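# Overview (structure and organization)
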Amino acid sequence: ACRSRESSSSPRVRLRRLPLRKPLPKRRRRLKDRRELDMELKVTSLDGKESGSVTVSDAIFGLEPRTDIIHRCVIWQLAKRRAGTHAVQNRADVHRTGKKMYRQKGTGSARHGPASANIFRGGGRAFGPTPRSHAIGLPKKVRTLALKHALSAKAQDGGIIVLEKASAKDGKTSALRGNFAKLGLTRALIIDGSELEPAFTLAARNVALVVLLVHTV
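Residues numbered from 1 in each chain as written. Predicted model: local features only at pLDDT ≥ 70, side-chain atom pairs only at ≥ 80, totals over all residues. Heavy atoms only, no water.

### Section: the layout of surface pockets
Its boundaries defined by the atoms lining it, the largest pocket holds a volume of some 1600 Å³. Among the elements that line the lining of the largest pocket, the one with the most residues is helix H4 (residues 140-156), at seven residues. In terms of residue class, the lining of the largest pocket is built from 27 nonpolar, six polar and six charged. Of the volumes computed, that of the second largest pocket is approximately 290 Å³. What lines the second largest pocket is a set of 14 residues, among which Leu46, Ser167, Ala168, Lys169 and Asn179 lie closest to the centre. Taken together, the residues of the lining of the second largest pocket sort by class into four nonpolar, four polar and six charged. (1 Å grid on protein atoms, 1.4 Å probe; cavity = no way out; pocket = protein on both sides within 12 Å on 5 of 7 lines; lining within 4 Å. Points joined across faces, edges and corners; volume = space filled by probe spheres on them. Helix = DSSP H or I, 4+ residues; strand = E, 2+ residues; numbered from the N terminus. Nonpolar A, V, L, I, M, F, W, Y, C, P; charged D, E, K, R; others polar.)

### Re the nonpolar core
Residues Leu46, Ala166, Ala168, Leu176, Phe180, Leu183, Ile190, Phe200, Ala203, Ala204, Val207 and Val210 constitute the largest nonpolar core, which totals 12 residues. Only helix H5 (173-183) and helix H6 (198-204) provide two or more residues apiece to this core. Core analysis: the second largest hydrophobic core is formed by six residues, Ile69, Cys73, Trp76 and Leu138 among them. (Core = buried A, V, L, I, M, F, W, Y, C linked by side-chain atoms within 4.5 Å. Buried < 20%, exposed > 50% of the residue type's maximum accessible area, 1.4 Å probe, protein only.)

What follows is the structure, encoded as structure tokens:
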């Protein structure tokens, strides 16, 4: 009796080409839609009175704050701020002789070299810190994004106050402190244009926890 031999070859698979999809057209927002997305901040005078409003970009002041990105930027700033001048005296720096303390054998004590070793009082320190830079790298895009999220967080909790004009008539610190009390400010960072008014700078430089900053592009 003859047995039928089954074909050992695998069945053929037919491949079918799928039609290529056309790229989706980019959706462009209209100017009206962009205006609707922008947010408004109230403009306040130094006397605490409202004097209008200003429109700011929602892409900077309307983001959902991410604490992880802000944390990375804060760690980068603090690490870059460190001086890194810490140093110790090792056994080569201490003011001691390099002579062997006593002979190698015959004393009954442990063998030692000079007294500048780190195990003796007054000797050098082992594995101590040396001067170095603590700066770490952070991409510029991450820094820019962290600033946007920080501004968005300040805008959400009402920490941004838009002043109508940063000016002081007589440059008196007492008058400026009264204006800050009306606004409810105990500490502030004031950012102005390319130049600050000399009278306002003179009045604000003696107010504690108030920092003036010039905006540069």
